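Here are the chains, one letter per residue:
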Amino acid sequence: MKKIEFTDEQRKDFASSLIKTLLEFFKKTIHSEKPLHGKKLNDFLLSQTESEEERETLQEMFDENETYHIKLNEFKQSGRNLDEWYEEEIAMSVKQLDPNATANDIDKVKEAVAMQADDETEDAIRGLESVSEIINANDRKVAAE
Amino acid sequence: MKKNYLLSEREGLALAMEQLLHYNVWSATSLNKSDFEDESLLKYFEADFGSPEEHEYENIICAAVNRTVYSKNYIPHAKKKEFSKKCQRQHLDNLRMAKLTYCEAVKGMSRREAQARLKENKMAKRISIVDGTIKWGIRKGAKLGVAAGVSGLITALAPPITAPAWVIGLMTYTTISILPDKIKKPVRKFVSQTVDKVVITAKNIADDLAKRAVGVAQKAVTTIEKIGPGAKQLWEDTKVVALQGWQTTKGVVKQIGSKVKNFFGL
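Residues numbered from 1 in each chain as written. Chains lettered and ligands numbered in written order. Predicted model: local features only at pLDDT ≥ 70, side-chain atom pairs only at ≥ 80, totals over all residues.

**Topic: the overall build of chain B**
Point 1. A tally of regular secondary structure across chain B gives nine helices and zero strands.
Point 2. Ordered by position from the N terminus, the helices and strands of chain B form the series α-α-α-α-α-α-α-α-α.
Point 3. Residues counted as buried form 41% of the 266 residues belonging to chain B.
Point 4. In chain B, of all internal contacts separated by at least 6 residues, the share reaching a separation of at least 24 is 74%. (Helix = DSSP H or I, 4+ residues; strand = E, 2+ residues; numbered from the N terminus. Buried ≥ 20, exposed ≤ 12 C-beta atoms within 10 Å, placed from the backbone. Contact = placed C-beta atoms within 7 Å.)

**Let's talk about the overall build of chain A**
Point 1. Across its full length, chain A holds five helices and zero strands.
Point 2. Put simply, chain A runs from its N terminus to its C terminus through helices and strands in the order α-α-α-α-α.
Point 3. Counting over 145 residues, chain A shows a buried share of 31%.
Point 4. Within chain A, contacts between residues at least 6 apart in sequence are counted, and of these 7% link residues at least 24 apart.

**Describing the packing of helix α3 (residues 52–78) of chain A against helix α3 (residues 52–71) of chain B**
Point 1. Closest axis-to-axis distance for the α3(A)/α3(B) pair is 10 Å, and the angle between their directions is 155 degrees. Between α3(A) and α3(B), the interaxial angle falls into the category roughly antiparallel. Our pair here, α3(A) against α3(B), has a crossing hand that is right-handed. Residue-level inspection shows Glu54(A), Thr57(A), Leu58(A), Met61(A), Phe62(A), Asn65(A) and His69(A) of α3(A) in contact with α3(B), the latter providing His55(B), Glu58(B), Asn59(B), Cys62(B), Ala63(B), Asn66(B) and Tyr70(B).
Point 2. Of the residues in the contact of α3(A) with α3(B), the class split is six nonpolar, six polar and two charged. (Axes fitted to C-alpha atoms, helices over the stretch in contact; angles between N-to-C directions. Parallel < 35°, antiparallel > 145°, perpendicular 65-115°, else oblique. Left-handed = near helix turned anticlockwise from the far one by under 90°. Nonpolar A, V, L, I, M, F, W, Y, C, P; charged D, E, K, R; others polar.)

**What about the environment of Ala63(B)?**
Point 1. Relative to the helices and strands, Ala63(B) is located in helix α3.
Point 2. Along the sequence, Ala63(B) and Leu41(B) sit 22 residues apart, while their C-alpha atoms lie 15 Å from each other.
Point 3. Once residues within four sequence positions are removed from consideration, Ala63(B) is found in contact with Phe25(A), Leu45(A), Gln48(A) and Leu58(A).

**A short note on the nonpolar core**
Point 1. Membership of the largest hydrophobic core comes to 40 residues, with the highest contact counts inside it found for Leu18(A), Ile60(B), Ile61(B), Ala63(B), Ala64(B) and Val65(B).
Point 2. Elements represented by at least two residues in this core include exactly α1 (8–28), α2 (38–47) and α3 of chain A together with α2 (41–46), α3, α4 (80–106), α7 (165–178) and α8 (181–227) of chain B.
Point 3. With sequence-adjacent residues up to four places away left out, Val65(B) is seen in contact with Leu18(A), Ser84(B), Cys87(B), Gln88(B) and His91(B).
Point 4. The next biggest cluster of nonpolar side chains, apart from the first, holds 18 residues, and it includes Val109(A), Val113(A), Met123(B) and Leu153(B). (Core = buried A, V, L, I, M, F, W, Y, C linked by C-beta atoms within 7 Å.)

**Some details on α3(B)**
Point 1. For α3(B), built from 20 residues, the straight-helix expectation of 28 Å at 1.5 Å per residue is met to within 8% by its first-to-last C-alpha distance of 29 Å.
Point 2. In terms of burial, α3(B) is largely enclosed, as 15 of its 20 residues are buried. (Expected span 1.5 Å × (residues − 1).)

**Side note on α3(A)**
All names here are of chain A.
Point 1. Taking 1.5 Å as the rise per residue, α3 with 27 residues should run 39 Å; its terminal C-alpha atoms sit 39 Å apart, in good agreement.
Point 2. Every buried residue of α3 is accounted for by Glu-54, Thr-57, Leu-58, Met-61, Glu-64, Asn-65, Thr-67, Tyr-68, Lys-71 and Leu-72.
Point 3. Gly-79 sits one or two positions beyond α3 and adopts a positive phi of about 65 degrees.

**Details of the environment of Asp181(B)**
Point 1. Tracing the backbone through its elements, the reader meets Asp181(B) in helix α8.
Point 2. Considering only alpha carbons, one finds Asp181(B) and Gly137(B), 44 residues apart in sequence, at a separation of 43 Å.

**Thoughts on the packing of α3(A) against α4(B)**
Point 1. At a closest axis distance of 10 Å, the pairing of α3(A) and α4(B) adopts a crossing angle of 30 degrees. Our classification of the angle between α3(A) and α4(B) gives roughly parallel. As α3(A) runs across α4(B), the sense of the crossing is right-handed. Contact with α3(A), carried on its side by Glu53(A), Thr57(A) and Met61(A), involves Lys81(B), Ser84(B), Lys85(B) and Gln88(B) of α4(B) and no other residues of that element.
Point 2. A per-class count over the contact of α3(A) with α4(B) returns one nonpolar, three polar and three charged.

**Details of the confidence of the model for chain A**
Point 1. Residues with a pLDDT of 70 or more make up 78% of chain A, whose mean pLDDT is 82.
Point 2. Looking over chain A, one finds the lowest element-wise mean pLDDT in helix α5 (residues 103–144) of chain A, namely 63, and the highest in α2(A), namely 96. (pLDDT = per-residue confidence, 0-100.)

**Here's the deal with the confidence of the model for chain B**
Residue and element names in this part refer to chain B.
Point 1. Overall, the prediction assigns chain B a mean pLDDT of 69, with 51% of residues at 70 or greater.
Point 2. Within chain B, the element-level pLDDT minimum falls on helix α9 (residues 231–264), averaging 49, and the maximum on α3, averaging 96.
Point 3. Throughout residues 1–9 the model reports pLDDT below 50, and contacts reaching past four residues in sequence, or to other chains, amount to 12 contacts.
Point 4. Scored below 50 in pLDDT, residues 256–266 shows 21 contacts in the model against residues more than four places distant or in partner chains.
Point 5. Scoring of the predicted complex yields 0.73 for pTM and 0.84 for ipTM.

Below is the structure:
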């Protein structure tokens, strides 16, 4: 993904907008007089979107988050080895896409995911640089004030 | 030969690096004063792992991130969908990791359990992304009247697994901004006591990785010698690659270790 350039002001604006939106959503959902839960909560949050694409993006993340919790719970209940569980889950997902998928196809998908995981090392390192950059910029600003 | 997709040395190193990043953020003294005095998020940190309450907080956070991304005209419209998803995932990663550190600091969770949960989170995240990408591929394929194949899946998987560094930086900044002091204070104290141990752990992992890289190169020489003419050059090249890998790894750890240590004035 090509880098989107943010100025210090935009970064600050992004964080403060997120805080405001989060507070507003808390107030209108789980902290309201009639708290919203489950499907009603998700429906309300989806209703706050302002375009079809925005709604679709959020729905996809809700689905992904739901899968995350279901899978993690299934793993916890199963008492299985993490490595085996992970490999079998990926194999099942690929079979869902293509019932005729071969063992080789499944290995290719696992390798693609593993390669991405390897990149996490570099990402974490670069992330550290990036955070340091933000913190240093903030320090300079605080010192100047 | 069965490949291990889960616990390679590089992934171990990645986890250690992520923790360093996470700890570095926690120690950001200039961000001590929270702009976010609301303590709602304490409930998320106190909620049982895997509880419906935890899930609901995460969905609200996703919705707030998504709304913020889509409301900003300084973010190019064509990039909003991908950017929003990366930000949402990164924000959840940050919060889940922060919650584990909070549990270590306040609730006496063992380091062993925190590490195990961190790995489980990582695997579940990957599975959920693969699953989501498959569903997306099937929907798009159905619309276009074509079947989505495995090669299509691999192509579609390439971008979403990790966030680029600048997204990690931006989202970490926003994550730290939304946490109330009741969460930050105990965690910061805990982090200042353990950061040195983390630096040592990261260094040990890197050393282990380096030793293995050299070991692999040494095994390769036996095979290469059997191949005959030209093998010598190949061996020399292999040694250079192994050495570069070793030095890079050591250099990176040293650089990060010293940064974190300097940060804490150690």
